[in-house]
Each structure stands twice: as C-alpha cells, then as structure tokens.
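Commentary on secondary and tertiary structure
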Amino acid sequence: MKLSAFTDVCLRTVMVLATPGTGQLTSREIADSVGVPYNHVAKAVLELRTLGILQVTRGRNGGAALSSQAMDFSLGGLLRKLDKRTDIVDCTDHDAQSNCPLSGNCRLRAVFRQAREAFYASLDPLTIRDICPTSAAEPITLLPFPTVRGIS
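Residues numbered from 1 in each chain as written. Predicted model: local features only at pLDDT ≥ 70, side-chain atom pairs only at ≥ 80, totals over all residues. Heavy atoms only, no water.

1. Points about the environment of Tyr-120
- Inspection of the secondary structure puts Tyr-120 in helix 5 (residues 108-123).
- Counting along the chain gives 44 residues from Tyr-120 to Gly-76, while the straight-line C-alpha distance between them is 4.7 Å.
- Looking at Tyr-120, its side chain comes within polar contact range of the side chain of Asp-83, at 2.5 Å. (Helix = DSSP H or I, 4+ residues; strand = E, 2+ residues; numbered from the N terminus. Polar contact = N/O pair within 3.5 Å; in protein donor to acceptor, adjacent residues only side chain to side chain.)

Here it is, written out as structure tokens:
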C-alpha cells in the first residue's frame, strides 16, 4: 500500500503543527520546514481545515494551527478521508483504448479493496497524537518530497 503524495503532505503538515511549542504557522513556514512546495502545502491546509483537523486564521497574523480535537482524530479515519483513489489498481484505462480484457471475471480488485481496508483498520486505533513528536527537541527533519509521475 502506498500513500498518495497529497496524503503524505497532509501528514507532514499535521506533524509539524503538532510539535510542542509550534503554535500557528503559515503555509509558507510549513512548506519550508518539511521541504515541500508551497502550493502543495496550501492545498493540504485547505483540506485539513475542511476535515476539522486545522483551524485557519486569515490576515497579517494568520496561519494554521491544530484544532482542539485534532490530536484524538483516528489515523485510519484520516487516511480514508484523504485517499481519493477508488481502487489500488486502475482497470479501466490500461492502454488508454479500452477496459482490461480480464475485468469481467477478475477478483483482484476486490482482494485489493479488502487489503486496503485492512491497512486502514490497523491504523484506526492510532491517533494523530501517536505519530507526532512529543517534544520540541525532536524536530521534524526534511524528508525528500515524493516524486509524482516524474515531477517533484
């Protein structure tokens, strides 16, 4: 199971904002701290705000901060909401000409759906608190941003 680049950016954003002593940060500050392009972080902040994970303040002294209930949000639940893919494999356009010839009698998609749900279910008991630094002395280090279709 591989997380999408967008989900990765969302998780990095949450972990940075959850670091004790961080407070409110702008999207630019988050992007610089995790080594991710600003526009990706801005989209992540918008989605996390929609999900109730972040509170966003606009204006000169604005920025994003974790909402009061964010730390208790289920990790599996968050990943389900962030993952917009319908299937692990795409059986509809394998050659951009027609559907896969095996699609009429294939059980692979159902197996992959079950595997993905088992992956999420294993993360359901974990909360955002479980994946975040416990002190400011444990900084988030820059990780390489995942390559998306040959573009980073």
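2. Details of the nonpolar core
- In this structure, Ile-53, Leu-54, Leu-66, Leu-78 and Ile-128 are the most contacted members of the largest nonpolar core, which totals 33 residues.
- Those elements giving two or more residues to this core turn out to be helix 1 (5-18), helix 2 (27-34), helix 3 (38-50), strand 2 (63-66), helix 4 (75-82) and helix 5.
- Per-element accounting of this core gives the leading share, 8 residues, to helix 1.
- When neighbours within four sequence positions are excluded, Leu-66 is seen to be in contact with Val-14, Leu-17, Ala-18, Ile-53, Leu-54, Gln-55 and Met-71. (Core = buried A, V, L, I, M, F, W, Y, C linked by side-chain atoms within 4.5 Å. Buried < 20%, exposed > 50% of the residue type's maximum accessible area, 1.4 Å probe, protein only. Contact = heavy atoms within 4.5 Å.)

3. Focus: helix 5
- The terminal C-alpha atoms of helix 5, which comprises 16 residues, lie 23 Å apart, in line with the 22 Å expected from a rise of 1.5 Å per residue.
- If you check which residues of helix 5 are buried, you get Arg-116, Tyr-120 and Leu-123. Buried residues in helix 5, looked at end-on, bunch into an arc of 55°, giving them a common side.
- Of the surrounding secondary structure, the elements contacted by the buried residues of helix 5 are helix 4. (Expected span 1.5 Å × (residues − 1). Arc of directions from axis to C-beta.)

4. Some points on the environment of Asp-130
- Within the secondary structure, Asp-130 is located in helix 6 (residues 128-131).
- We classify Asp-130 as partly exposed; its relative accessible area is 48%.
- On a C-alpha basis, the gap between Asp-130 and Leu-75 in space is 8.7 Å, while along the polypeptide they are 55 residues apart.
- At a separation of 2.8 Å, a polar atom in the side chain of Asp-130 contacts the main-chain amide nitrogen of Thr-127.

5. Let's talk about the pattern of salt bridges
- Tallied over the full model, the rule gives 4 salt bridges.
- Between Arg-80 and Asp-124 there is a salt bridge, with the nearest N and O atoms lying 2.6 Å from each other. One end of the pair, Arg-80, is in helix 4; the other, Asp-124, is in the loop between helix 5 and helix 6, with 44 residues separating them in the sequence.
- Relative accessible area serves as the criterion here: at 28%, Arg-80 is assigned to the partly exposed category.
- The class of Asp-124 is partly exposed, set by a relative accessible area of 30%.
- It is possible to trace a salt-bridge network through shared partners that takes in Arg-80, Glu-117 and Asp-124. (Salt bridge = Lys/Arg side-chain N within 4 Å of Asp/Glu carboxyl O.)

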